[in-house]
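# Coordinate analysis (summary)
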Amino acid sequence: DVEINVTAIPTSEFDAKLTAAITGGVVPDVVFLSTQTQRGLFETGAFQAVPDGLVDSDVFFPVAVEGTNLDGVTYGVPWYLYSRVMYYRSDLANDLGLSAPTTWDELRGFLQAFKDSGVEIPLSINLPWGRPTAEELMSFSAQNGGSFISDDFSEWTIDTPENVEALDFWASMVTDGLASPDGPLFEDVTPYFTEGKSVAKVNGPWMPAGLAAANGQEWVDSHIASVAPPAGPAGSKAAIGGGTLAVLKDGDNTDAGWKLVRWLADP
């Protein structure tokens, strides 16, 4: 009979507050980490290794398991995983006789056709945001064969030709009038898509849910379609996100914490 405290912290503040808790030695029993930033937290050395046999790692997608490993040690249990796809207004595309784009070149033509038809901001991108902006650029970089960091995580590789080319392509969406640096912001995507002011966005699974809440599922079924992100020279690369459950060494109830993780990870 152990009381486990649960606290909700906004994503934007989580890493800083957890790092402060680790430094102060007063930490939660169980934490839910973002797959996008968990490696940096594992580097603090504050986390317990996952006990042998706690879960069957084969039931998870390999890429999710790989993200919980640091120097051959597993520090977390994947809880959920998603990939970003390109959502678009399929009804308006059909009206214009357009097929979903599969390459960067096709994406540009796809967006230009919408622009010519009067759509205000064909492509919604994450320019006004911090981490989501970097994640979106990372996806374009991967599609061009680039990466922000070396394979062994030992050095930054931000200014490689592959990354510069990806940034140029991404920025050209704005300079060519196919996207806007002023929005739509995260909370504006639903009304922009509903009104047809924006018609394409690479996003996660929350987007159709938001559109369904505003317009009904039947509207989504008849107005929205999704495809893999249009491929660059290195192919189609989708950013993943999600969350991982972990237990800290300084927690008061580590054994109970791992039991909770095991229970949460049971399908």
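Residues numbered from 1 in each chain as written. Predicted model: local features only at pLDDT ≥ 70, side-chain atom pairs only at ≥ 80, totals over all residues. Heavy atoms only, no water.

### Notes on the sheet that holds strand β5 (residues 85–89)
Pairing within the open sheet is antiparallel, and its three strands lie in the order β6-β5-β7. The sheet terminates laterally at β6 (200–203) and β7 (224–227), the two strands that pair on one side only. Here the strands of the sheet are splayed against their neighbours by 30° on average, with no regard to which way each runs. Here β5 runs beside β6; their pairing, made up of four bridges, is antiparallel. Each bridged residue has a counterpart across the sheet, and for Y87 the counterpart in β6 is K201. (Pairing = 2+ DSSP bridges. Helix = DSSP H or I, 4+ residues; strand = E, 2+ residues; numbered from the N terminus. Axes fitted to C-alpha atoms, helices over the stretch in contact; angles between N-to-C directions.)

### Considering the packing of helix α5 (residues 104–116) against helix α7 (residues 161–175)
α7 packs onto α5 with a crossing angle of 10° between their chain directions and a minimal axis gap of 11 Å. Judged by the inter-axis angle, α5 sits roughly parallel to α7. Contacts between α5 and α7 involve W104, L107, R108 and L111 from the former and A166, F169, S172 and M173 from the latter. Looking at the contact of α5 with α7 residue by residue, the classes come out as six nonpolar, one polar and one charged. (Parallel < 35°, antiparallel > 145°, perpendicular 65-115°, else oblique. Contact = heavy atoms within 4.5 Å. Nonpolar A, V, L, I, M, F, W, Y, C, P; charged D, E, K, R; others polar.)

### Side note on the environment of S90
Mapped onto the secondary structure, S90 falls in helix α4 (residues 90–95). Through-space distance from the C-alpha of S90 to that of A225 is 5.5 Å; in sequence the pair is 135 residues apart. The contact partners of S90, leaving out residues within four places of it in the chain, are S222, H223, I224 and A225.

### So, the environment of Y80
Within the element layout of this structure, Y80 appears in strand β4 (residues 77–83). Counting along the chain gives 162 residues from Y80 to G242, while the straight-line C-alpha distance between them is 5.4 Å. If sequence neighbours within four positions are ignored, Y80 has contacts with F32, G241, G242 and G243.

### Digging into the packing of helix α6 (residues 131–143) against α7
Running from amino to carboxyl end, α6 crosses α7 at an angle of 115°, the nearest separation of the two axes being 8 Å. Here α7 runs roughly perpendicular to α6, going by the angle between their axes. Considering only the axes of α6 and α7, their crossing is right-handed. Note on element contacts: α7 touches α6 through N163, A166, L167, F169 and W170, opposite T133, E136, L137, F140 and S141. Classifying every residue of the contact of α6 with α7 by side-chain character gives six nonpolar, three polar and one charged. (Left-handed = near helix turned anticlockwise from the far one by under 90°.)

### Here we look at the nonpolar core
F110, L111, L123 and M173 are the most contacted members of the largest nonpolar core, which totals 22 residues. Looking at which element gives the most residues to this core, the answer is α5, with five residues. Apart from the residues lying within four places of it in its own chain, the contact partners of L111 are P122, L123, M173, L178 and A200. Grouped together as the second largest cluster of nonpolar side chains are 15 residues, L41, L70, Y75 and A246 included. (Core = buried A, V, L, I, M, F, W, Y, C linked by side-chain atoms within 4.5 Å. Buried < 20%, exposed > 50% of the residue type's maximum accessible area, 1.4 Å probe, protein only.)

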